[in-house]
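# Summary of the model geometry
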Amino acid sequence: MSILVIAEHDNSELKQATLSVVAAAKAVGGDIDVLVAGENVSGVAEAAAKIEGVNKVLVADNAVYGHFLGENLGELVAEVGKGYGHIFAAAGTVGKDFMPRVAALLDVAQVSDIMRVESEDTFVRPIYAGNAIATVKSSDAIKVITVRPTAFDPVAAEGGSASVETLDVVKDAGLSTFVNEELAKSDRPDLASAGIVISGGRGMQNGENFKMLEQIADLLGAAVGASRAAVDAGFVPNDMQVGQTGKIVAPQLYIAVGISGAIQHLAGMSDSKVIVAINKDEEAPIFQVADYGLVGDLFQVIPELESSLKAL
Amino acid sequence: MKVLVAVKRVIDYNVKVRVKPDNTGVDLANVKMAMNPFCEIAVEEAVRLKEKGVASEIVVVSIGPKACQEQIRTALALGADRGIHVETSEEVQSLEAAKLLKAVVEKEEPKLVILGKQSIDSDNNQTGQMLAALTGMGQGTFASEVVVDGDKVNVTREVDGGLMTVSLSLPAVVTTDLRLNEPRYASLPNIMKAKKKQLDVMSPEDLGVDIAARLSTLKVEAPAARKGGVKVADVAELVDKLKNEAKVI
């Protein structure tokens, strides 16, 4: 049976998460088709056709998909996906929104946020905020799966030469309309896919002090994140939150500054390759998961770190 | 307008989760249970809509064993008017929960259905969207603001990278995110009053829904423990280790 992967993109660029979802699909085995649904997505479709190991790219280019409304995408993917054995999408806010609709319309269960593929019908996923790991088997004819992108090494973005086919399927459920969006603008890499992440917690004391982390981030080419405590205290916006209820990250290097290490936060970053913790409380739980711990006042340590990094 | 709120009984969020030694699941024996935190936010939002005069009646529904009635009573104490308990001792997965809720929606005909975005036990994040698809309703998932305006509801959603607002025709489904509101505590007089509120009990058979599970859990394990590393003395040692030992900068 072949596999349908729904591309994650913003109408202009293919997101890296798509490469990880293709990697998960490859672990199942079989022909992989990629569906690009959006508005004015010819550039995204071209990029998708170059992904290593992709057989065919299907393009649904219409204004009704421009804002990725779950009602419209749900109907589209349920129709296009009918002939496939598996439907895969990234477990971002778009995939989490439309995929359960797809599953319900196809009358099948969904397996959410998988971390590993055991076989074509068996998958591993976190439950209880990552405090337990379940292996689940689906008995449905079509497996509807959302993938945790950080759990799969992305396939190569180049090297493939898939055919591109335009679909003439326009699904407007007529239930919802886009009003507006406020997206944070940043020149730094995307938090969910950055190679290095530096995050601040309640210990940062206020939003102004996050500038210190931004300066380090710019030296390292890193993204800046935050703990839920820092978000709840109003220091920084919610989209910077790393944790079970925020973003799940797994960079090469994660630097936790003034973060105590609540379970909720650890669930969002403990798959990072190298973890550094900087905290003045040497009993802080974050040190139990850190490869390198530095006990000290962050307001001394961070400026020192900045000058050492500049000297490199 | 009538608002339906679905609530789930789950392990209390403060309890440390332990995997059973035989790897069949998580140990729930003698563990404190509570209303799922996202469901508390859903109840609170419905109560606020009623206080604003937007909602006229709040019906709260829960699916599960008899003990779920505790969580229904909690919601009634917080301000819901009436409860429905779909009683079953079987495990109910998201699709089947959505089918049961669809049957309740068909009976009650609410204008708005509010659910938590996910439960903190199975972490599926599916039921609200599935219910919306099965009933042909629009959905405002991961809501941080809900504004009812005539026969529409504007929902501001927490999405990757920021916020997005959609307008939905009523009836619609809303699923709550953390920042939608801060739930209140129930007062003692309201807890006493809640005991007298109407609570109807029905079975999945009464609703004509087959709840047989499609997914089987083969095993549940504790996550691989991450070993703590070393403490470094100062920034110079840290930078040296990152550069020369870990080779990540």
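Residues numbered from 1 in each chain as written. Chains lettered and ligands numbered in written order. Predicted model: local features only at pLDDT ≥ 70, side-chain atom pairs only at ≥ 80, totals over all residues. Heavy atoms only, no water.

The line we're drawing: UniProt positions are given in the numbering used here, feature names are shortened, and annotations may be inferred rather than shown by experiment.
Under the annotation held in an unreviewed UniProt entry, chain B carries the name Electron transfer flavoprotein subunit beta and is attributed to Marinobacter aromaticivorans. Annotation of chain B in UniProt includes, under Sequence similarities (unreviewed entry), the sentence "Belongs to the ETF beta-subunit/FixA family."

The name recorded for chain A in an unreviewed UniProt entry is Electron transfer flavoprotein subunit alpha/FixB family protein, from Marinobacter aromaticivorans. Checking UniProt for chain A, the heading Sequence similarities (unreviewed entry) contains the comment "Belongs to the ETF alpha-subunit/FixB family."

### Thoughts on the overall build of chain A
The criterion, for reference: Runs of E in the DSSP output that reach at least two residues are strands. Runs of H or I that reach at least four are helices, and both are numbered from the N terminus. For each residue, the accessible area found with a 1.4 Å probe, counting protein chains only, is set against the maximum for its type, and the residue is called buried under 20%, exposed over 50%, and partly exposed in between. Any pair of residues with heavy atoms lying within 4.5 Å of one another is described as a contacting pair. Reported accessibility uses the Shrake-Rupley method at a 1.4 Å probe radius. Residues are deemed covered only where the shown protein chains occlude them.
Per the secondary structure count, chain A includes eight helices and 16 strands. Based on the C-alpha atoms only, the size of chain A along its principal axes is roughly 60 × 40 × 40 Å. Expressed as a percentage of the 312 residues in chain A, the buried residues total 59%. Counting only contacts in chain A whose residues sit at least 6 apart along the sequence, the fraction spanning at least 24 positions is 64%. In the form shown here, chain A has an accessible surface area of approximately 11,800 Å², with 46% of it arising from carbon and sulfur atoms.

### Regarding the pairing of strand β13 (residues 223–226) of chain A
Residue and element names in this part refer to chain A. Operational definition: Strands were regarded as paired on the criterion that DSSP finds at least two bridges between them. Crossover handedness is defined by viewing with both strands directed away from the observer: a clockwise path from the first strand over the helix to the second marks the crossover as right-handed.
Residues A223 and G225 line one face of β13 and the alternating positions V224 and A226 line the opposite face, and both faces are buried. Sheet analysis places strand β12 (residues 196–200) next to β13, joined by four bridges and oriented parallel. Counted as the bridge partner of V197 is A223 from β13. One crossover worth recording links β12 to the parallel β13 by way of helix α5 (residues 210–220), and it is right-handed.

### Overview of the UniProt feature "domain: Electron transfer flavoprotein alpha/beta-subunit N-terminal" (unreviewed entry) in chain B
Here, the residues flagged by UniProt with the feature "domain: Electron transfer flavoprotein alpha/beta-subunit N-terminal" (unreviewed entry) are residues 23–211 of chain B. The span residues 23–211 of chain B is 30% helix and 31% strand, and its two end C-alpha atoms sit 24 Å from each other.

### Concerning the sheet that holds strand β6 (residues 116–119) of chain A
Put simply, the rule reads: Axes here mean lines fitted to C-alpha atoms, for a helix over just the part in contact, with angles spanning 0 to 180 degrees between N-to-C directions.
A sheet is described by the order of its strands in space; here four strands give the open sequence β6(A)-β7(A)-β8(A)-β12(B), paired in antiparallel fashion. At either margin of the open sheet sits one strand with a lone partner, and together these are β6 of chain A together with β12 (215–221) of chain B. Mean inter-strand twist for the sheet, computed between neighbouring axes without regard to direction, equals 30 degrees. Where strand β7 (residues 122–127) of chain A lies against strand β8 (residues 132–138) of chain A, six bridges are found, and the strand directions are antiparallel. Bridge pairing links T122 of chain A to K137 of chain A in β8 of chain A.

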